[in-house]
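Descriptive analysis of the structure
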Amino acid sequence: MDDARPAATTGRYIGQRVARKEDTRLLTGRGVYVDDVGVPGMLHVAFHRSPIARGRIRSIDLSAARALPGVFALVTADDLARFKVDMLSFFLAQPVVPVPVLANGRVTYVGDPVVMVVAQDRYLAEDAAGLIVVEYDEEDPVVTLDDAKTGALVHPDTDSNVAAATGAEELDEDLEAALAAAAHLETLAFRHQRISQSPMETRGVVAQPHGSGELTVYLSCQGPQLCARWFAQALELPQTSIRVISKDVGGSFGLKGQPWREEVAVVLGAMLLRRPLKWIEDRLENLTAANQAREQEITLRAAFDAEGRLVASHADYGLNNGAYPQGADSNIAVMMFLWGAHKLPAFSFRARGWFTNTVGLAAYRGPWAIESLAREVLLDRAARRMGIDPIELRRRNLIRRSDQPWTTPMGLELTDISPAECLDVLLQKVDVAAFRAEQAAARREGRYLGIGFATYIEPTAGSTGVAVLMSESAHLRVEPTGTVTAVVSTHSQGHGTQTTMAQVIADRLGVPYEHVEVYEDDSSRGGYGSGAYGSRQAVAGGGACIRAADLLLARIRESAAHILGVRTDDIVLRNGVLHVTGDKPQTVSLRDLADIAYGDPDRMPDGHAGLEAQYRYRPPPITMTSAAHACIVEVDAQTGFVKIRRWVTSEDCGNMINPAIVEGQIAGGLAQAIGSVLMEEVSFDARGNPTAVTYKDYMLPTIFDVPEFEYHHDASMPSQAEGGFRGVGEGGCIVGPPTLVNAIADALIPFGELELELPLTPARLLAHIEQRPEIARPKPAEASEAPAPAADAPADPVPVAAAAHNVPAPSAPQEPFAPASGARIDGGWKFVLSTPMGPQAFDGRLATDGDQLSGVFIMNMDEAHFTGTVTGNQLKWDLKVTKPMKITLKYEAVVEGDTLTGKCKMGVFGSAKLKGERVKG
Amino acid sequence: MSEHAIQLTINGRAHEARVESRLTLSDFLRGDAGCTGVHVGCEHGVCGACTVMVDGAAVRSCLMLAVQANGAAVTTVEGLADDDGTLHPVQQALRDEYGLQCGFCTPGIVMTLASLTGATPATDPDKVMNALSGHICRCTGYQGIRRAARRLAGLAPTQGAPTHG
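Rules used in this analysis
Residues numbered from 1 in each chain as written. Chains lettered and ligands numbered in written order. Predicted model: local features only at pLDDT ≥ 70, side-chain atom pairs only at ≥ 80, totals over all residues. Heavy atoms only, no water. Helix = DSSP H or I, 4+ residues; strand = E, 2+ residues; numbered from the N terminus. Buried < 20%, exposed > 50% of the residue type's maximum accessible area, 1.4 Å probe, protein only. Contact = heavy atoms within 4.5 Å. Areas by Shrake-Rupley, 256 points an atom, 1.4 Å probe, with all protein chains shown as cover. Lys, Arg positive; Asp, Glu negative; His and termini not counted. Charge placed at Lys NZ, Arg CZ, Asp CG, Glu CD. Axes fitted to C-alpha atoms, helices over the stretch in contact; angles between N-to-C directions. Parallel < 35°, antiparallel > 145°, perpendicular 65-115°, else oblique. Left-handed = near helix turned anticlockwise from the far one by under 90°. Buried area = accessible area lost by both parts, 1.4 Å probe. Salt bridge = Lys/Arg side-chain N within 4 Å of Asp/Glu carboxyl O. Polar contact = N/O pair within 3.5 Å; in protein donor to acceptor, adjacent residues only side chain to side chain. Nonpolar A, V, L, I, M, F, W, Y, C, P; charged D, E, K, R; others polar. UniProt positions renumbered as here; feature names shortened; annotations may be inferred. Phe/Tyr/Trp six-rings, centres within 6.5 Å; stacked < 30°, edge-to-face > 60°. Lys NZ or Arg CZ within 6 Å of the ring centre and 35° of its normal. Expected span 1.5 Å × (residues − 1). Pairing = 2+ DSSP bridges. Domains from an automatic or database assignment.

**Some words on the overall build of chain B**
Regarding its fold elements, chain B presents 5 helices and 5 strands. Secondary structure elements of chain B, listed N to C terminal, follow the sequence β-β-α-β-β-β-α-α-α-α. Seen through its C-alpha atoms, chain B measures out along the principal axes to roughly 60 × 30 × 25 Å. With 165 residues in all, chain B has 54% of them scored as buried. In chain B, of all internal contacts separated by at least 6 residues, the share reaching a separation of at least 24 is 54%. With an accessible surface of roughly 6600 Å², chain B has 47% of that area assigned to carbon and sulfur atoms. Side chains of chain B give 12 positive and 15 negative charges; the mean places of these two sets differ by 9 Å.

Shown next as structure tokens:
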């Protein structure tokens, strides 16, 4: 371990367990959640939803519903046709398939909203929804990942059910040879069940149109700034005309990152009917019609040498995107972080997202978490089969601090990860030898104890490659009253950012925490920010607050020095009071200074009024958090119940702003991890009917299911970000599942290797214990067959992209180009490149000179020039780009008439479809 | 739909209202009486967020009709703290122990704990924990809730935590 590592630092407020500013109002019932908002003339919405997973709408009979007293309006897709709406992804990209606000001609999942009922109250609206009669021509639905591969097209206008793809379609011969030749090859294949984010507050919206054409939208969301921007871009309205207010939010966990069909329907309905509308999702709707997460399959192969060192690995991955994902996704982050902390020489993968007739995909805390589950479970299995201690196997392969800087085969540049060092600390806290003795003794009594370990790294506060996640802003001022007000682009759905941002500001400025008020609930004040997304708020928001506070402090000290005729260096702000040191010591209150700043600005430097500052902070491209966890379980061999006896965490989350809040984030993630391993499951029958539609069927952990967690931050090192913070929002949900699975598998090893079939319910564990045959389940995806050379795998593969197309992109079908002759190539073109974050459109020009091609892509006021070759109507060119990573993009295209079709090969990330249309005239 | 006249006290104040027979107590308390601290999380009696006290006992107000509260004394989370802002011991314990994050499930947990603790002699800690198992919190992993409950039941906040493998 490095001896010279800087210790985590604390200040007067930073690093302290300060009481949360949010709690008094929330404990006394005075929070303001969206359902607590009422406005004059407000009407209530319920949806009539599809009872079938797939079919054509033959007729809609609204007559009985319309006749019900108290019903104000019945709104269908036809009524909304006058509005142009682009249902954008979280990244504000166009969807891969058009997403209707209300079902338009077809229904694509059970719960698909068909009619929006508007009535005097919710009771009447539900009555009316029940009186609507819709006739369907029902079709056989595509429900599972297997269905998607062989069944009918979910969206008839597409050419396949692949919603998104990355990686290589063909197997890499060299990699396959390395896997085959290695001393040990371990293969793990399993499915992850579908999860409902299940925030305790469901989704909800109140949309209030104003006569001037403006809208106030009260929204349960993850960030009012991003949602206001989303509405503005999706509805093509000026952003200043839409004000999104989101005061208290009862949890989100990824579900409420962006508005979706129901919220948009309510906003459009309010505009259409010129009345305020409220929709509060009920739990039945939330468990059936709110977007969900995690339904995945993975086959991971990893080869080791005789000493247990990784040689090569391949992953084949599928993700159920449902019918309308909030951004079609093949989840590149799974591949980035699968071996992101390990010394692995060679890696290749194929990842695909699939459309099905189920409710769509949304984010859920650590959306890529399956990488840690697959890796850590595979490592334990490999260790058992190779006869190596599982901790030793990890230590042989983890990248230590002293190994860095290190670049992974996926191009991840590591400088300060520390899972190995966290594991060192963990093993000081957990006496494995003593446990093994206890385990052996217990087994003799017929009791089954097990211990599980897992490590991970987590990318937090990313500011690269994703345009909506680049920066956060803080606007600070000393009010005329002397108190400090901050408007920050963070947002809390339980995160406590009013507390942590106030701690940072108070600490940095030198004022009492109680004198700082933080506002983050209203898009009409402050600047853009994405809110709670990607574990970014402590790092990005905290950094913005530090820089803004430093600017404000400088302004305060300069002003006081100018007024008092002393040097700036003689002014210190401490506990809200300005202390003048030097020959004539005195004190001045911030209130007195504010009186002058606002009321007598002639006395201020340069005559400028006010005490205000703002800063927009862009954090480093990625700030890594590392951890190692251990847990000890006892599995009751009579009942199959798992009792978690101990859970120890060892984190490197850098400088902590508030340890109680850090630990709260870890604990909350771990509780969700325990739920996903032991009980939670969104399930469907063969017709696509959801079969877990209440909290009696969709099981959530209670106080008895979650043990007390022990936390150790001894391995923490400040990050490179301002303040030295690292994010902790998602880690528990990432590292928790493998830790618990490994402990259960260790406990039950006397009964053989446990098959990973999630959730590990008592019934499944009993089946394993009693050696009963498993219930037949669909087999996870096999690795690609028919190995073929992958010409596009560069020797030094690095992730993707261009200034003009700055994200990894899905692969295209491998179609041969049909030669033709006499095609006109020269001139202006409009291009669309399909990327995992949605299609990216840009302009360009092509010119030929004999068999030489030259061209330019133009996007976002940037130009990327390239040269290549022409053969008949076939074009080839390379484009070297440096942002966000260095890579050579290899393009091939064919021109026929006024269209261009082709693909862009991006090394290890696979191919992206390219389409072009000639600019006429 | 039949309407019924009801009389009840809410947080010590007399209320009279005419309500539809199907109106839940939770919707009545939120919509008619303005007690928006009553949170509706599942409407089927599992999550416990809507818990209020009716004649001193914790009940799920989503599973009770407003007409059934005729003549009852109802206490919601708004009725616990003193007028001067001093928190109820249950609220103070949850605040001190970081027993909440998003706060949505919190009013129900506060009311269940308030109905069971504060008596002399202290309530059996097992009974308190059993009652809390009827509340779902998706944020905290129950760490601070358990510490607060232990404290309220007269135990040390971390009593019973294992200390070795």
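Still more to cover.
**Some words on unusual backbone geometry**
For the bond running from Gln 404 of chain A to Pro 405 of chain A, omega is 10°, close enough to zero to count as cis. Relative to the elements of secondary structure, Pro 405 of chain A occurs in the loop between α11 (390-397) and β16 (406-407). The backbone of Ala 461 of chain A shows a phi angle near 50°, a positive value even though the residue is not glycine. Backbone geometry places Glu 43 of chain B, a non-glycine residue, at a positive phi of 60°. What makes Glu 43 of chain B partly exposed here is its relative accessible area of 44%.

**Some words on the packing of helix α6 (residues 224-235) of chain A against helix α7 (residues 261-273) of chain A**
Residues and elements named next belong to chain A. Relative to each other, α6 and α7 sit at 65°, their axes nearing to 12 Å. With respect to each other, α6 and α7 are oriented roughly perpendicular. As for how α6 packs across α7, the hand of that crossing is right-handed. Taking contact as the criterion, the partners of Trp 230, Phe 231 and Leu 235 in α6 are, on α7, Val 264, Val 267 and Leu 268.

**Side note on the interface of chain B and chain A**
Listed by partner, the interface residues are 52 residues for chain B and 60 residues for chain A. Between chain B and chain A lies a buried interface of about 4600 Å² when both sides are counted; carbon and sulfur atoms form 56% of it. Viewed at the interface, chain A and chain B are joined by 5 salt bridges. For Arg 30 of chain B, the salt bridge identified is with Asp 35 of chain A, shortest N-O distance 3.3 Å. At the boundary of chain B with chain A, the tally comes to 30 residue pairs in polar contact (both at pLDDT 80 or more). For the side of chain B that touches chain A, the secondary structure elements donating two or more residues are α1 (25-32), α2 (89-96), α3 (106-116), α4 (125-132) and α5 (143-152) of chain B. In terms of residue count, α5 of chain B provides more of the side of chain B that touches chain A than any other element does, 4 residues in total. Tallied by class, residues from the side of chain B that touches chain A come to 23 nonpolar, 20 polar and 9 charged.

**What to know about the UniProt feature "domain: Aldehyde oxidase/xanthine dehydrogenase a/b hammerhead" (unreviewed entry) in chain A**
UniProt records the feature "domain: Aldehyde oxidase/xanthine dehydrogenase a/b hammerhead" (unreviewed entry) at residues 28-140 of chain A, using the numbering of this structure. Between the first and last C-alpha atoms of residues 28-140 of chain A the distance is 51 Å; the span itself is 12% helix and 30% strand.

**Considerations on the side chain of Asn 286 of chain A**
Residues and elements named next belong to chain A. Here Asn 286 is to be found in helix α8 (residues 283-288). For Asn 286, the side chain forms a polar contact with the side chain of Glu 281, separated by 2.9 Å. Not counting residues up to four positions away in its chain, the partners in contact with Asn 286 are Ser 196, Ser 198, Thr 202, Leu 255 and Glu 281.

**Observations concerning the packing of aromatic side chains**
Residue and element names in this part refer to chain A. A complete count under the given rule lists 20 aromatic pairs over all chains for this structure. A centroid spacing of 3.6 Å and a plane angle of 15° characterise the contact between Phe 90 and Tyr 533, whose relative ring orientation is stacked. Separated by 443 residues along the polypeptide, Phe 90 in the loop between β3 (71-75) and β4 (106-107) and Tyr 533 in the loop between β21 (516-519) and α15 (537-564) bring together distant segments of the chain. Residue Phe 90 is classed as buried on the basis of its relative accessible area of 3%. Centre to centre, the rings of Trp 230 and Phe 231 are 5.8 Å apart; their planes meet at 85°, and the pair counts as edge-to-face. Trp 230 gets classed as buried once you look at its relative accessible area, which sits at 0%. Three or more aromatic residues link up through ring pairs in this structure, and these residues are Trp 829, Phe 831, Phe 842, Phe 857, Phe 866, Trp 877 and Tyr 891. The ring of Tyr 513 is capped by Lys 21, whose NZ or CZ atom sits 4.4 Å from the centre of that ring. Here the guanidinium or amino end of Arg 275 rests over the ring plane of Phe 72, the centre of that ring lying 5.0 Å away.

**Overview of helix α14 (residues 497-509) of chain A**
Residue and element names in this part refer to chain A. Compared with the 18 Å implied by 1.5 Å per residue over 13 residues, the 18 Å span of α14 between its first and last C-alpha is a close match. Buried residues dominate α14, accounting for 11 of its 13 residues. Taken together, the buried positions of α14 are Thr 497, Gln 498, Thr 499, Thr 500, Met 501, Ala 502, Gln 503, Val 504, Ile 505, Ala 506 and Leu 509. Positive backbone phi, at 95°, marks Gly 510, one or two positions downstream of α14.

**Brief notes about the sheet that holds strand β4 (residues 57-60) of chain B**
All names here are of chain B. Taken in spatial order, the 5 strands of this open sheet run β2-β1-β5-β3-β4, and their pairing is mixed. Sheet topology places β2 (13-20) and β4 at the edges, where each strand pairs with a single neighbour. Averaged over neighbouring strand pairs, the angle between their axes works out to 40° when direction is ignored. With 2 bridges connecting them, strand β3 (residues 51-54) and strand β5 (residues 73-75) associate as antiparallel partners. Bridge pairing in β5 places Val 54 opposite Val 74. Helix-sheet contacts for α1 involve β1 (3-10), β2, β3 and β5, and the interaxial angle to β1 is about 75°. Relative to the sheet, α3 contacts β3, β4 and β5, its axis offset from that of β3 by approximately 35°.

**Focus: the domain arrangement of chain B**
Residue and element names in this part refer to chain B. In terms of domain boundaries, chain B breaks down into domain 1 (3-78) and domain 2 (89-152). Contact with domain 1, which involves 17 residues of that partner, is made by 14 residues of domain 2. Along the contact surface separating domain 1 from domain 2 lie 0 salt bridges. Taken together, the connections running from domain 1 to domain 2 amount to 5 residue pairs in polar contact (both at pLDDT 80 or more). Elements with a contribution of two residues or more to the side of domain 1 that touches domain 2: β3 and β4. Here the residues of the side of domain 1 that touches domain 2 are counted per class, giving 8 nonpolar, 8 polar and 1 charged.

**Points about α1 of chain B**
Residue and element names in this part refer to chain B. Among the residues of α1, Leu 25, Ser 26, Phe 28, Leu 29 and Arg 30 are the ones counted as buried. Where the residues of α1 are buried, they touch β1, β2, β3 and β5. Of the residues trailing α1, Gly 34 is marked for its positive phi of about 75°.

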